[in-house]
Amino acid sequence: MIRLRRVAVLLVCVLAFLGQGPPASTQRLGAKIWVGRYQEIEEYLRTAECVRAEIFGPDKPTRCTLRPGGPVGRMVWRSLKPGVYRGFRESYKAEIAAYQVDKLLTMDMVPPSVERQLEGNTGAAQLWVENVNGLKENPSPGESNRADWENQLARMTMFDNLIGYRDRNLGNMLRDAEWNLILLDHSRAFGTGTELPRKMNRIDQGFWSKIESLTRNQLDAALRAWLADNEIQAILDRREKMRTEIKSLPR
């Protein structure tokens, strides 16, 4: 038994040294089945056959059941072309850009989102996350999960400020049984405005370090297919305003 434990500890150390982290079974992944499987799931979302489609209404997303046997069972597809809808600037491309920024920050709150065609139309295909709950009925966890949950909410606020997302509400926030926060519906994010949509009362310092380390070259490489140059620059401009606000927070 002692020898087996030593082998397990050695395996974790080797994986950490290689930059892979501990095995997924030791992490609280919950419903986040995409963590560590980004490329596999992205490719499947691009190519998997939609065997049954549920259309939620005009200008609403479509939920697709995918052919069994793949890494995911369902996806949601949005085809909003860049434009103004009900007074809001929206685009399916913003959904993909939000996921790309999430990946740059290793935040793992936005489900994989890719561009694909469905019935001749181009839109964003996003993993439909299973086994999750909304927050309208039960918005706060028990004491054992409270500190981690509050840190996740702080990261969410910082993320929303960085991408200029003004529409965060309980309807686009989900949580799984592990109280992992999952964020949806970013079609109204980005744009060229530089005002911060949300007040920051606290920050996650480690997450802020990741935001500060972002470079224009990184953003260009990840986002140029989805955002205009001035929209990418607005991310950096909002970061500067975040920096000013964070300096004013009590320590």
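Residues numbered from 1 in each chain as written. Predicted model: local features only at pLDDT ≥ 70, side-chain atom pairs only at ≥ 80, totals over all residues. Heavy atoms only, no water.

Quick word on the packing of helix α3 (residues 92–104) against helix α6 (residues 216–223)
Think of two packed helices as two axes; the pair is described by the angle between the axes and how far apart they sit.
Step number 1: Two elements in contact, α3 and α6, have axes whose closest approach is 10 Å; the angle formed by their N-to-C orientations is 140 degrees. Taken together, the axes of α3 and α6 lie oblique to each other. Taken as a pair, α3 and α6 cross one another with a handedness that is right-handed. Contacts between α3 and α6 involve Ala-97, Gln-100, Val-101 and Leu-104 on the former and, on the latter, Gln-218, Leu-219, Ala-222 and Leu-223.
Step number 2: Residue composition of the contact of α3 with α6, by class: six nonpolar, two polar and no charged. (Axes fitted to C-alpha atoms, helices over the stretch in contact; angles between N-to-C directions. Helix = DSSP H or I, 4+ residues; strand = E, 2+ residues; numbered from the N terminus. Parallel < 35°, antiparallel > 145°, perpendicular 65-115°, else oblique. Left-handed = near helix turned anticlockwise from the far one by under 90°. Contact = heavy atoms within 4.5 Å. Nonpolar A, V, L, I, M, F, W, Y, C, P; charged D, E, K, R; others polar.)

As for the side chain of Glu-42
Step number 1: In this structure, Glu-42 sits in helix α2 (residues 38–47).
Step number 2: The residues contacting Glu-42, other than those within four sequence positions of it, are Tyr-99, Lys-103, Pro-112 and Val-114.

Remarks on the packing of α3 against helix α4 (residues 143–163)
Step number 1: As a packed pair, α3 and α4 sit with axes 11 Å apart at the nearest point and diverge in direction by 125 degrees. In terms of orientation, α3 and α4 fall into the oblique class. As for how α3 packs across α4, the hand of that crossing is right-handed. Of the residues in α4, those in contact with Ala-98, Val-101 and Asp-102 of α3 are Phe-159, Leu-162 and Ile-163.
Step number 2: Grouping the amino acids of the contact of α3 with α4 by side-chain chemistry returns five nonpolar, no polar and one charged.

Regarding the packing of aromatic side chains
Step number 1: Per the stated rule, a full pass over the model turns up one aromatic pair.
Step number 2: Look at Trp-149 and Trp-179: their rings are 5.0 Å apart centre to centre, the planes differ by 80 degrees, and that puts the pair in the edge-to-face class. Of the two residues, Trp-149 sits in helix α4 while Trp-179 sits in the loop between β9 (173–175) and β10 (181–183), which places them 30 residues apart along the sequence. In this structure, Trp-149 and Trp-179 share a single accessibility class: buried.
Step number 3: In this structure, Arg-63 packs its charged tip against the face of Trp-128, placed 4.6 Å from the ring centre.
Step number 4: The aromatic ring of Phe-88 is capped on one face by Arg-188, whose charged end is 3.7 Å from the ring centroid. (Phe/Tyr/Trp six-rings, centres within 6.5 Å; stacked < 30°, edge-to-face > 60°. Buried < 20%, exposed > 50% of the residue type's maximum accessible area, 1.4 Å probe, protein only. Lys NZ or Arg CZ within 6 Å of the ring centre and 35° of its normal.)

Considering the nonpolar core
Step number 1: Ranked by internal contacts, the top residues of the largest apolar core, which has 44 residues, are Leu-105, Phe-159, Leu-183, Phe-190 and Leu-223.
Step number 2: Of all the elements in the fold, those that place two or more residues in this core are α3, α4, β10, α5 (205–213), α6 and α7 (229–247).
Step number 3: Examining the composition of this core, we find that seven residues originate from one element, α3, more than from any other.
Step number 4: For Leu-183, the contacting residues outside a window of four places in its chain are Met-107, Met-109, Val-110, Pro-111, Met-156, Phe-159, Arg-168, Asn-172 and Met-173.
Step number 5: Counting residues in each nonpolar core, the second largest holds 21 residues, with Trp-34, Trp-77, Ala-125 and Leu-127 among its members. (Core = buried A, V, L, I, M, F, W, Y, C linked by side-chain atoms within 4.5 Å.)

So yeah, pure geometry; function would need other evidence.
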